[in-house]
Amino acid sequence: MTGYVLRRLLQSAAVLLGVSVLVFAIMQLVPGDPVRAALGTRATPETYAALRERSGLDDPVLVQYLDWITSALRGDLGVSFRSGETVSSLIVERLPATLSLAVGAIVVALLIAVPLGTLSALRPRSPVDWFSTLTSQAGLSIPDFWMGIMFILIFAGTLGWFPSAGYTPLLEDPVGWAHHLVLPAITAGVSSGSILTRFVRSSVLEAMGQDHVRTARAKGMRARDVLRWHILRNALVPFVTVGGVQLAYLLSGVVIVEFVFAWPGLGQLAFQAVLDRDYPVLQGAVLLFALVFLVVNLVVDLLYARLDPRISYGSGR
Amino acid sequence: MSAGERADTLPSTAPHRPRWVETLVLLARSPMAVASGLVLTAVVAAALLAGRISPHDPVEPSVDDRLQAPSGEHWFGTDELGRDVFSRVLAGAEVSLRVGAVAVGISLAAGVLIGLLAGYYRRWVDDVLMRVMDVVFAFPALLMAIAVLAILGRGSTNAMIAIGIVYTPIFARITRASVLSVREEVYVRAARSAGAGDVRIVARHVLPNVTAPIIVQTSVSLAFAILSEAALSFVGLGTQPPDPSWGRMLSEGRGFLEQAWWMAVFPGAAIFLTVLAFNVLGDVLRDVLDPRQRAAMKGTAKGSGG
């Protein structure tokens, strides 16, 4: 087990290093002068040279990369070209909004997936199953930006139930926070919920076909208890993996949903950084996304072993 | 067809129809597949014939007709420049399909090649290629596409490349997994010991056996590529005006939600239906191309069809 964890940690570190190289390379390839873009046309040559110097942009590329990565390891992600704030403070500032949206969306996804997936697995090829399959297909296919706009049109515009955009911090105004969160969370949660529905269905189906379930039924256990103790418990295992991937995806800033609802999260931060050629901000944000992705995957794999005693990581990959 | 009839006289043996004909027959028996086939036919027809069948010019502004609600003259209404939304939705089909098809073509070619190399040669080739794929995969997909567009510049051609890069790893992974499972099969080893070269083995024995999951992935990827193009155009990085693109139309419509709901509703519905059709088709294909499911489907078909 320890060996496995170590190997996975090393692998994740290697991928993270690759991501850092990739993101750095992308930024080198983006045409245009970031300092010029940040200062505008009115800056004096002295200010321009000073900012270039301070940002280390005149150093060789390899030196720039090594500087950046060693500081990043110490938690220093540099300073935004645009605002002059430190990248870490920008990220920390945006984190609550992204966390709120991710948690809200995963709750929505679970509320869709668990009942719908379980019901359709319990009655395969029934109208319920058919409805669930179609709903999850639709949820997967609906463009989130369109759904968001339609929600704004109907629930913010016509009905006026929810605000159409913006974010209120939880600690400032919990009611306003929830109120603002509803539409974006549903918009972001539907596609994850649709993916999860299919996994709940297939893992419940698989769990139902196992011998111990048949035995439990045969010895007269109540259907509800069989479902709870034997089916759902076992179905949890594969579900955790996909759920984890979905959570990682939601945490990496749902760019489009944040864009539609003017949600001040990490997705918007990264998107704006691309448009502004704000290298340090984009590098920091993407590195964080990749880190989240890898950590979530690692945790999921380890959780897997805890939930399913048959899996051991003693040997093999 | 004649092969099928002959086979019917021999009830105990399976009909010797070519595999793809049988696949089509199974697809035609699925209402879901037929429905999505119809939708896709309509979309392709719109893409090919938009110039001839659209009732109005999709690009030319007509100030007198600004922001008109749907009517007999303008089925989907008009936009803020007086252009007919229906004609623009028809023309948008062409952009969406072209970007989707080229993008998936890129990921298919690159991904299958990478997957074949990694799965067939294993060792360091596998390690290097698949770790690179992991890195691309660890990048949030849309952000990756946005970053690629930041390098290459905006526009639909670059959007194809960006989307193509983003969806390459998934093809590589699927191909590699399938190759790993067939490369140790007896017939592959037999071909190798008979002196067949790598290229021949891959072309004759490995590729045909990995096509099923790749076909399924292609259909599903077309759905996601069309969604991605719409999303990129929606944030202003994909197709540029005045070309009508569904995503672009949606972002224009967003500014007129209160006055002209139709500007946002119809292009979005077009994206939704097209993507849904590709997804449903991919799903049915997955069942039809899976040998176990296939046998079951043929069984039920025999029972009911006679």
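Residues numbered from 1 in each chain as written. Chains lettered and ligands numbered in written order. Predicted model: local features only at pLDDT ≥ 70, side-chain atom pairs only at ≥ 80, totals over all residues. Heavy atoms only, no water.

Going by the annotation in an unreviewed UniProt entry, the name recorded for chain B is Peptide/nickel transport system permease protein, with Haloactinopolyspora alba given as the source organism. Turning to chain B, the UniProt record has this under Sequence similarities (unreviewed entry): "Belongs to the binding-protein-dependent transport system permease family." Listed in UniProt under the heading Subcellular location (unreviewed entry), the comment for chain B reads: "Cell membrane". (UniProt positions renumbered as here; feature names shortened; annotations may be inferred.)

For chain A, the name recorded in an unreviewed UniProt entry is Peptide/nickel transport system permease protein, with Haloactinopolyspora alba as its organism. A UniProt comment under Subcellular location (unreviewed entry) is attached to chain A, and it reads "Cell membrane". As stated in UniProt under Sequence similarities (unreviewed entry), the record for chain A gives "Belongs to the binding-protein-dependent transport system permease family."

Participant: Before we go on, may I ask you to explain the packing of aromatic side chains in this structure?
Facilitator: Working definition: an aromatic ring pair is given by the centre-to-centre distance plus the angle between the planes. All names here are of chain B. Summed over the entire model, instances satisfying the criterion amount to 16 aromatic pairs over all chains. The interplanar angle of 85° and the centroid separation of 5.0 Å between the aromatic rings of F76 and F86 together place this pair among those described as edge-to-face. Here F76 is found in the loop between α3 (31–53) and α4 (85–121), whereas its partner F86 is found in helix α4, with 10 residues between them in sequence. Ring geometry for W261 against F266: centres 6.1 Å apart, planes inclined by 45°, an arrangement best described as tilted. (Phe/Tyr/Trp six-rings, centres within 6.5 Å; stacked < 30°, edge-to-face > 60°. Helix = DSSP H or I, 4+ residues; strand = E, 2+ residues; numbered from the N terminus.)

Participant: What should I look at first to understand the nonpolar core in this one?
Facilitator: Generally speaking, soluble globular proteins have nonpolar side chains that are buried together. Counting residues in each nonpolar core, the largest one holds 158 residues, and the members touching the most others are A:F145 and B:I146. Of the residues forming this core, the biggest block, 18 residues, is contributed by helix α12 (residues 262–289) of chain B. Every residue in contact with A:F145, bar those within four places of it in the chain, is listed here: A:I256, A:V260, B:L227, B:A230, B:A231, B:F234, B:L250 and B:I271. By size, the runner-up hydrophobic cluster in this structure holds 14 residues, among which are A:L196, A:V213, A:I231 and A:V242. (Core = buried A, V, L, I, M, F, W, Y, C linked by side-chain atoms within 4.5 Å. Buried < 20%, exposed > 50% of the residue type's maximum accessible area, 1.4 Å probe, protein only. Contact = heavy atoms within 4.5 Å.)

Participant: Looking at this model, I keep getting lost on the UniProt feature "domain: ABC transmembrane type-1" (unreviewed entry) in chain B. Mind explaining?
Facilitator: The sites that carry the UniProt feature "domain: ABC transmembrane type-1" (unreviewed entry) are, in the present numbering, residues 93–282 of chain B. As a span, residues 93–282 of chain B carries 84% helix and 0% strand, and end to end its C-alpha atoms are 20 Å apart.

Participant: When you look at empty space enclosed by the protein in this model, what are you seeing that I'm missing?
Facilitator: Residues and elements named next belong to chain B. Going through the model one piece at a time under the given rule, you end up with 1 cavity of 30 Å³ or more. Roughly 50 Å³ of volume is contained in the largest cavity. Forming the walls of the largest cavity are D79, V85, R88, M249, E252 and M263. Elements supplying a minimum of two residues to the lining of the largest cavity: α4 and α11 (246–254). Classifying every residue of the lining of the largest cavity gives 3 nonpolar, no polar and 3 charged. (1 Å grid on protein atoms, 1.4 Å probe; cavity = no way out; pocket = protein on both sides within 12 Å on 5 of 7 lines; lining within 4 Å. Points joined across faces, edges and corners; volume = space filled by probe spheres on them. Nonpolar A, V, L, I, M, F, W, Y, C, P; charged D, E, K, R; others polar.)

Participant: Teacher, can you tell me more about the UniProt feature "transmembrane region" (unreviewed entry) in chain A here?
Facilitator: Per the UniProt record, the feature "transmembrane region" (unreviewed entry) sits at residues 12–30, 99–122, 143–162, 182–200, 236–261 and 281–304 of chain A. Annotated as 100% helix and 0% strand, the span residues 182–200 of chain A places its first and last C-alpha atoms 24 Å apart.

Participant: Whenever I open this one, the environment of B:V128 confuses me. Can you help?
Facilitator: Looking at where B:V128 falls in the secondary structure, it is placed in helix α5 (residues 123–138). Taking the C-alpha atoms as reference points, B:V128 and B:A141, separated by 13 residues in sequence, lie 21 Å from one another.

Participant: In this structure, what is going on with the environment of B:V34? I would like to understand it.
Facilitator: Residue and element names in this part refer to chain B. Tracing the sequence through the fold places V34 in helix α3. Overall, the relative accessible area of 39% leaves V34 in the partly exposed class. With 110 residues separating them in the primary sequence, V34 and M144 have C-alpha atoms 35 Å apart. Ignoring sequence-local partners within four residues, the contact set of V34 consists of L27 and A28.

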